[in-house]
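# A structural walkthrough
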Amino acid sequence: MTAGSGPRRVGIVGAGVAGAACARALADAGGEVQVFDKSRGVGGRMATRRASWMPEAGAAQAVFFDHGVPWWTAQAPEFAAFLAQAEAAGRVQRWAPRLAGGAGAPVPAAQGWLGLPDMPALCRWMLRDIPVRTECQVSALAAAEGRWSVLAGGEPVARDLDAVVVAIPPAQAAVLWAPHRPQWAARALAHPMSPCWTLMALTDEPPGDPAGAGGWDELLPPSPPLARVIRQDAKPGRLRTPGLAQWVAHADTGWSQQHLEADPQDVQAQLGRALEQALGTALVWRHAVVHRWRYAQVVEWPAGQEGGSAAAGAHCEWDGQAGLGASGDHLGGGGIEAAWLSGRAVARAMLAR
């Protein structure tokens, strides 16, 4: 890091898009960065699940589901330029899915993007040469004599840091902020994120539709419980097996909230029936599982009501005197682009010190 340009040793809690973008910017400026995440891998809600299923004859087979963010768009020129670099590196691919919903033929969506070969690939690329400790549930931050420690299970996993950035969902971040910046914690708790139950399924190809999904890549059902159905194996760069179909179905926010603590088996049964109803046919099931995203997406605030944890347009929180920062898509309106802009914004603020 260039002389006088900011804290040199930085810990980042969260290896999703915001944390990875911040880490990349600081590392490129010469900083010593360590990243911590509670999950088994990086990416946060840019997630791909590997599952195993057993054919009637033969060995177990692997199948993959993009069960978090299905795809994303880019509007900001800075973010679009970054994605062009990632595309040149083979980590993302352009995709304009065919959307269906209601009457009429499927129509192309806006130009979108996918991670390649899976959704976490973009974060892995950003974190490629940065130390990342996964399966590390950060429980607290401790400050003493101008230095920070990161604790997991009450024990330090990093010491003598100049700064810490917290880049996880606001309800989780509030626990870490409360002893040090209670006002940040209060604002975070006042800004909710909505949940989402997600069904991942492998079935036989629906009868009478050998090409798959009636010409669409994403279906928007007209009523709950499902909000969207994605034909997983229609995505570029994803494996497609003749005679089989891969589905990712996201329940809508209201239904997910009502069933937040429901038994996963019950949720799976209900969403399975809803998928058959949305497709208009019974399915031959080969594999199915559900995942609960407790913090899936930012709740939109009513018009005229102020929300978020930072000033409008700031995309982040940064206290240079204390060496404490915050980033995440909730600080920029939600979504992958907002998360990336937030991570870059807090890094920029740190480097300007």
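## Points about the packing of aromatic side chains
Enumeration over the complete set of coordinates arrives at seven aromatic pairs. Arranged with centres 5.0 Å apart and planes meeting at 25°, the rings of Phe-82 and Trp-340 form a pair that is stacked. On the criterion of sequence distance, the pair formed by Phe-82 in helix α2 (residues 77-88) and Trp-340 in helix α8 (residues 336-351) is long-range, its members being 258 residues apart. Residue classification places Trp-340 among the buried positions, given a relative accessible area of 3%. In textbook terms, an aromatic cluster arises when at least three aromatic residues are bridged by ring pairs, as seen for Phe-79, Phe-82, Trp-125 and Trp-340. The positively charged end of Arg-128 is found above the aromatic ring belonging to Trp-125, 4.9 Å away from the centroid. Its guanidinium or amino end placed over the ring of Trp-247, Arg-231 lies 4.9 Å from that ring's centre, counting from NZ or CZ.

## Digging into the sheet that holds strand β11 (residues 147-152)
The sheet built from three strands is open, its strands ordered β10-β11-β12 with antiparallel pairing. On the outer flanks of this sheet lie β10 (138-144) and β12 (155-161), each paired with one strand and no other. Shown here is a sheet whose adjacent strand axes are inclined to one another by a mean of 20°, direction ignored. The pairing of β11 with β12 spans four bridges and is antiparallel. For Ala-152, the partnering residue across the bridge sits in β12 and is Glu-155.

## Considerations on the pairing of β10
The pairing of β10 with β11 spans six bridges and is classified as antiparallel. Paired with Ala-144 across the bridge in β11 is Arg-147. Here β10 folds back onto β11 in antiparallel fashion, the turn holding two residues, of which Glu-145 has a positive phi close to 55°.

## A closer look at the sheet that holds strand β19 (residues 316-319)
Strand order across the open sheet formed by six strands is β9-β2-β1-β13-β20-β19, with mixed pairing between neighbours. Two strands bound the open sheet, and with one partner strand each, they are β9 (132-133) and β19. Sheet topology places strand β13 (residues 163-166) next to strand β20 (residues 324-327); three bridges connect them, and they run parallel. Note that in β20 the partner of Val-164 across the bridge is Leu-324. Packing of helix α5 (residues 182-189) onto the sheet brings it into contact with β19 and β20, and relative to β19 it is tilted by some 170°.

## Quick look at unusual backbone geometry
Along the chain, Leu-116 connects to Pro-117 via a cis peptide bond; the corresponding omega equals 10°. Structurally, Pro-117 can be placed in the loop between β8 (112-115) and α3 (121-126). With an omega dihedral of 10°, the bond running from Pro-224 to Pro-225 counts as a cis peptide bond. Within the secondary structure layout, Pro-225 lies in the loop between β15 (218-219) and β16 (226-231). Backbone geometry places Glu-135, a non-glycine residue, at a positive phi of 50°. Mapped onto the fold, Glu-135 is located in the loop between β9 and β10. Residue Glu-135 is classed as exposed on the basis of its relative accessible area, which comes to 58%. Even without glycine at this site, Glu-145 takes up a positive phi of about 55°.

## Looking at the confidence of the model for the protein
Taken over all residues, the pLDDT of the protein has a mean of 90, while the share at 70 or more is 90%. Low pLDDT, under 50, characterises residues 301-313; the predicted model gives this stretch 18 contacts beyond four residues in sequence or across chains.

## Quick look at the packing of helix α1 (residues 17-28) against α8
Two elements in contact, α1 and α8, have axes separated by 7 Å at closest approach and are oriented at 35°. When the axes of α1 and α8 are compared, the crossing they make is right-handed. Facing α1, whose interface residues are Val-17, Ala-18, Ala-21, Cys-22, Ala-25 and Leu-26, α8 presents Ile-336, Ala-339, Trp-340, Gly-343, Arg-344, Val-346, Ala-347, Met-350 and Leu-351. Taken together, the residues of the contact of α1 with α8 sort by class into 13 nonpolar, one polar and one charged.

Conventions and cut-offs
Residues numbered from 1 in each chain as written. Predicted model: local features only at pLDDT ≥ 70, side-chain atom pairs only at ≥ 80, totals over all residues. Heavy atoms only, no water. Phe/Tyr/Trp six-rings, centres within 6.5 Å; stacked < 30°, edge-to-face > 60°. Helix = DSSP H or I, 4+ residues; strand = E, 2+ residues; numbered from the N terminus. Buried < 20%, exposed > 50% of the residue type's maximum accessible area, 1.4 Å probe, protein only. Lys NZ or Arg CZ within 6 Å of the ring centre and 35° of its normal. Pairing = 2+ DSSP bridges. Axes fitted to C-alpha atoms, helices over the stretch in contact; angles between N-to-C directions. Contact = heavy atoms within 4.5 Å. pLDDT = per-residue confidence, 0-100. Left-handed = near helix turned anticlockwise from the far one by under 90°. Nonpolar A, V, L, I, M, F, W, Y, C, P; charged D, E, K, R; others polar.

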